[in-house]
Amino acid sequence: MQKVKETAEKIRTMEIRGAGRIAKAAAEAIRDYAAELEVTSMEEFSAKIKEVSDLLISTRPTAVSLPNAVKLASKYSSDNVEDARQEIIKNANLFIERADRALEKIGKIGSRRIQDGDVIMTHCNSHAALSIITTAFESGKDISVYSTESRPRCQGILTIRHLNDFGIPTTLIVDSAVRYYMKDVDKVIVGADAIAANGALVNKIGTSQLALAAHEARKSFMVAAETFKFSPSTIVGNPIEIEERDAEEIIDPAILKELPHVQVRNPAFDFTPAEYIDMIVTDIGIIPPAMAYTVIKEHLGWELGEI
Ligand code: RUB
């Protein structure tokens, strides 16, 4: 349990972050917990697996990859402890392999849409979006990137380090410079924390501003998302919760204390409506946002009764 608690804490404090990495870390935590779990009955086994699943899911509310990963990794049908344990180990490993393969496939598929000479804008730090950019560059395309800072946690710094490691010419800009530079950009590529059944994207706060600016300037807006970023529970009407983080990520609490009439809001994500999205690059191919429902039905093993 201690190791699961540590993983949960790392996700909560964002030491492990990004929807894909969170999902993999949760699957690993469940697998290792199941492997070492000592119980005397199947009831106890089920209760303990449920307890750690709930703990992991409670760490961050927005990235649907987290509950999807937990559900897929902790799946078992056997009614004896040893077989159920082996099923969880197998399913968690399958999920982890699927996640790694998905990033590769998204890179290959998405990079075919990148032209030689393209200038790409990206936001925050998405491994799926970066997979497209680095695959295109490694295939010999002469590209360059605008990367936003992504306040308040500045994940853009991770992105520029990653791009720099590949030798990709990169320009760091503040979030408010997105529209100013959009005229110089050919394509916007962002990742996803969740995609709703209606094709709307949930991603790092400010993503919808990139989408609006791209739309206005008639630039292509691509989303890079593994199929486990699609949200099954949106089909039955559950909204995607937007995480609101602490004010101290934005302002020194000592300063805020002196300002009794000021409140701080710090949503971590926003919604981009489907009509601003040109394509979603997934591990099963490039799809229009309107196909989100089909992805959920056919690739996430979704059943109405389970929700
Ligand atoms: C990260 C973020 C990323 C998506 C996709 O937010 O919004 O764009 O999670 O990332 P945070 P990936 O830093 O708050 O977790 O493609 O790596 O899954």
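The rules behind the values
- Residues numbered from 1 in each chain as written.
- Predicted model: local features only at pLDDT ≥ 70, side-chain atom pairs only at ≥ 80, totals over all residues.
- Heavy atoms only, no water.
- UniProt positions renumbered as here; feature names shortened; annotations may be inferred.
- Helix = DSSP H or I, 4+ residues; strand = E, 2+ residues; numbered from the N terminus.
- Contact = heavy atoms within 4.5 Å.
- Polar contact = N/O pair within 3.5 Å; in protein donor to acceptor, adjacent residues only side chain to side chain.
- Buried < 20%, exposed > 50% of the residue type's maximum accessible area, 1.4 Å probe, protein only.
- Pairing = 2+ DSSP bridges.
- Axes fitted to C-alpha atoms, helices over the stretch in contact; angles between N-to-C directions.
- Domains from an automatic or database assignment.
- Buried area = accessible area lost by both parts, 1.4 Å probe.
- Salt bridge = Lys/Arg side-chain N within 4 Å of Asp/Glu carboxyl O.

Within the UniProt annotation, "binding site: substrate" (unreviewed entry) is assigned to Arg17, Gly18, Ala19, Gly20, Arg60, Asn203, Lys204 and Lys229. Spatial clustering of the annotated residues is evident: they stretch over 213 residues in sequence, but the largest pairwise C-alpha distance comes to 14.3 Å. Within the element layout of this structure, Arg17 appears in the loop between helix 1 (2-12) and helix 2 (19-36). If near-sequence neighbours (up to four positions away) are discounted, Arg17 is found in contact with Ile22, Arg60, Cys124, Asn125, Gln155 and Leu158. Here Asn125 takes part through its backbone oxygen, which lies 2.9 Å from a polar atom of the side chain of Arg17. On the secondary structure map, Lys204 appears in strand 6 (residues 201-204). Classification of Lys204 as buried rests on a relative accessible area of 8%.

Ordered in space as 5-6-8, the three strands form an open sheet in which the pairing is antiparallel. A single partner strand is all that each edge strand has here, and the edge strands are strand 5 (194-195) and strand 8 (269-272). Bridge count between strand 5 and strand 6: two bridges; the pairing is antiparallel. Within strand 6, the residue paired with Ala194 across the bridge is Val202. Of the strands in this sheet, strand 6 and strand 8 are in contact with helix 9 (residues 207-216), which crosses strand 8 at around 30°.

So, about the domain arrangement of the protein. Along its sequence, the protein is carved into domain 1 (2-104) and domain 2 (106-306). Summarising the inter-unit geometry, the C-alpha centres of domain 1 and domain 2 are found 25 Å apart. Taken together, the contact pairs 22 residues of domain 1 with 34 residues of domain 2. Summing both sides of the interface, domain 1 and domain 2 together bury roughly 2200 Å²; the carbon and sulfur share of this comes to 53%. If you sort the residues of domain 1 by the area they bury against domain 2, Arg17, Thr62 and Leu103 come out on top, with a joint share of 26%. The interface formed by domain 1 and domain 2 includes one salt bridge. Broken down by secondary-structure element, the contributors of at least two residues to the side of domain 1 that touches domain 2 are helix 2, helix 4 (65-73) and helix 5 (81-111).

A separate point is the pattern of salt bridges. Within this structure, the stated rule accounts for 13 salt bridges. With its nearest N and O atoms 2.5 Å apart, the salt bridge here joins Asp118 to Lys187. With Asp118 in the loop between helix 5 and strand 1 (119-122) and Lys187 in strand 4 (residues 187-190), this residue pair connects regions lying 69 residues apart in the sequence. A residue is classified by how much of its surface remains accessible, and Asp118, at 6% relative accessible area, is buried. One salt bridge in this structure joins Glu216 and Arg179, with 2.8 Å as the shortest N-O distance. Of the two residues, Glu216 is situated in helix 9 and Arg179 in helix 8 (residues 178-182); the sequence distance between them amounts to 37 residues.

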